[in-house]
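These are the residues of each chain, in order.
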There are 2 protein chains.
Amino acid sequence: MVGAPIEFYFDFSSPYGYLAAHRIDEVGAEFARDVLWRPILLGAVFKATGQSPLVSQPLRGPYHLHDLRRTARRLKLPFQLPRDFPMATIAAARAFYALDAGSPKDARRLALALFDAAFQRSINIGATETVLDIASEIGIDRAAIEAGIKDNAVKLRLKAETDGAIARDIFGSPFFVADGEMFWGNDRIPDLRDWLKTGGW
Amino acid sequence: MVGAPIEFYFDFSSPYGYLAAHRIDEVGAEFARDVLWRPILLGAVFKATGQSPLVSQPLRGPYHLHDLRRTARRLKLPFQLPRDFPMATIAAARAFYALDAGSPKDARRLALALFDAAFQRSINIGATETVLDIASEIGIDRAAIEAGIKDNAVKLRLKAETDGAIARDIFGSPFFVADGEMFWGNDRIPDLRDWLKTGGW
């Protein structure tokens, strides 16, 4: 990999994050950049900014639900909202970081499996047991993740990533950072690509 | 013109509305659609939805100001925020509708002149006198606009357009409606184009 990595911040309860998760690695490959996946807890960010989850907002919520469905069709990705929404994502994010230290590749596989469980199979991935079940389904060692979720280093890592995101003024999901330039939203992936292609505007 | 018109909703204090105003007629021309320009009062919409102006929001504000500057550079449009922001836009919107009944073309010319005054020359276009000055600059009859702004039919038209926008769940600026499909944001113009081109997804 030649250039600096692309950072990909997301929350596991973010439907546009799900769409972006299926697209961002292609962008990395196209421009010979690593992509660093960085789940954060958007609830903590919303507390800092006074926002609320998109889909539960008046007027904006129905528009975005419609937009998610049509955008998913356009990207040829299955899509449905999880049964309960928004969901707690602390177990999912900790499971990710439990794997990330030893095998970023497995962490990413788990992240996609969690996103797909939530937004293709409509599963509430909030419970630790559910996260462990999904890890098992893709052949990741259940006991190791279970221990990792309780590991203090993992808890602190998630807290550090979330605090770090807030400190960088990251206020939503998905959020991309490339060469210090920030792009918010799945719909800004074309802008991110154009920025990487042209060297910026 | 063959297809149904594209509706273009905006508020004169919307910086992304300014960017879109310089782009949307090209989209109409490309697909042989009229574009109906529809200024509304976003303040009334925000009261209904509990939102606040973008640029004054914590974290989101600085991001969007940066994004506006880089997006304007990309589109090769001058850009700066008006001296006082946000601005009252009732006089500007009434002036638009005062012209729109007789000459939609002049109404559109005035709209672009008002947007450019605000976002290229940093002028607060809130005062009626300022709106009249800008109309004069582009050769539109000052006295006619002045009378129009006070005309009850014009006032009711602006109210009807704003109420109509809220009734259609339009909650921001710019907002586009084509063949019943809604797109929010200057950054969704490529989506609008793709929808018109492909017949939808």
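See above for the structure.
Residues numbered from 1 in each chain as written. Chains lettered and ligands numbered in written order. Predicted model: local features only at pLDDT ≥ 70, side-chain atom pairs only at ≥ 80, totals over all residues. Heavy atoms only, no water.

A. View of the interface of chain A and chain B. With 29 residues of chain A at the contact, the number on the chain B side is 29 residues. Taken together, the two surfaces of chain A and chain B that pack against each other cover about 2900 Å², and 53% of this comes from carbon and sulfur. Of all residues in chain A, the largest losses of buried area upon contact with chain B belong to L59(A), R74(A) and W201(A), amounting jointly to 25% of the total for that side. Where chain A meets chain B, there are 10 salt bridges. Ionic pairing is found between R188(A) and D67(B), a salt bridge with its closest N-O pair at 2.7 Å. Between the two partners, chain A and chain B, sit 16 residue pairs in polar contact (both at pLDDT 80 or more). The dominant element in the side of chain A that touches chain B, judged by the number of residues it contributes, is helix α4 (residues 60-75) of chain A, at 9 residues. Classifying every residue of the side of chain A that touches chain B gives 13 nonpolar, 5 polar and 11 charged. (Contact = heavy atoms within 4.5 Å. Buried area = accessible area lost by both parts, 1.4 Å probe. Salt bridge = Lys/Arg side-chain N within 4 Å of Asp/Glu carboxyl O. Polar contact = N/O pair within 3.5 Å; in protein donor to acceptor, adjacent residues only side chain to side chain. Helix = DSSP H or I, 4+ residues; strand = E, 2+ residues; numbered from the N terminus. Nonpolar A, V, L, I, M, F, W, Y, C, P; charged D, E, K, R; others polar.)

B. Broad picture of the nonpolar core. With 58 residues, the main nonpolar core has F8(B), F12(B), I24(B), W37(B), I125(B) and L192(B) as its most contacted residues. At 9 residues, helix α6 (residues 104-119) of chain B tops the list of elements feeding residues into this core. (Core = buried A, V, L, I, M, F, W, Y, C linked by side-chain atoms within 4.5 Å. Buried < 20%, exposed > 50% of the residue type's maximum accessible area, 1.4 Å probe, protein only.)

C. Structural view of the relation of the copies chain A and chain B. For the pair chain A and chain B, the best superposition has an RMSD of 0.0 Å and corresponds to a rotation of 180° with a translation of 0.0 Å parallel to the axis. Given the turn and translation reported, the copies of this chain are related as if by a two-fold rotation axis. No C-alpha of chain A approaches the rotation axis more nearly than that of D187(A), which lies at 3.8 Å. By residue overlap, the copies meet face to face through one surface: 100% of the interface positions of chain A are interface positions in chain B. (Least-squares fit on C-alpha atoms with pLDDT ≥ 70 in both.)

D. Up close: the side chain of E161(A). Residues and elements named next belong to chain A. You can see E161 is positioned in helix α9 (residues 152-167). With a relative accessible area of 15%, E161 lands in the buried category. The contacts of E161, once residues within four sequence positions are left out, are Y9, R38, P39, I40 and Y97.

E. Local environment of the sheet that holds strand β3 (residues 175-178) of chain A. Residue and element names in this part refer to chain A. Pairing in this open sheet of 4 strands is mixed, and the strands run β2-β1-β3-β4 from one edge to the other. Unpaired on one side and paired on the other, β2 (35-39) and β4 (181-184) mark the two borders of the sheet. Between one strand axis and the next, the sheet turns through 20° on average, direction left out of account. (Pairing = 2+ DSSP bridges. Axes fitted to C-alpha atoms, helices over the stretch in contact; angles between N-to-C directions.)

F. Summary view of the pattern of salt bridges. This model, assessed by the stated rule, comprises 38 salt bridges over all chains. Here R168(A) makes a salt bridge to E7(A), at a shortest N to O gap of 2.7 Å. Of this pair, R168(A) sits in the loop between α9 and β3 while E7(A) is found in strand β1 (residues 6-10), placing the two residues 161 residues apart along the sequence. Of the residues examined, R168(A) reaches a relative accessible area of 31% and is grouped as partly exposed. Taking the shortest distance from any N to any O, the salt bridge between D100(B) and R157(B) comes out at 3.1 Å. Here R157(B) lies in helix α9 (residues 152-167) and D100(B) lies in helix α5 (residues 90-100), a separation of 57 residues in the sequence. With a relative accessible area of 12%, D100(B) lands in the buried category. For R157(B), a relative accessible area of 25% translates into the label partly exposed.

G. Here's a closer look at the packing of aromatic side chains. Within the structure shown, the criterion is met by 45 aromatic pairs over all chains. Ring centres of F96(A) and Y97(A) lie 5.2 Å apart, and the angle between their planes is 90°; on these two criteria the pair is classed as edge-to-face. Here F96(A) falls in the buried class, since its relative accessible area comes to 2%. Given a relative accessible area of 2%, Y97(A) falls into the buried group. Ring plane angle 50° and centroid distance 5.2 Å describe the contact between F12(B) and F115(B), whose orientation is recorded as tilted. (Phe/Tyr/Trp six-rings, centres within 6.5 Å; stacked < 30°, edge-to-face > 60°.)

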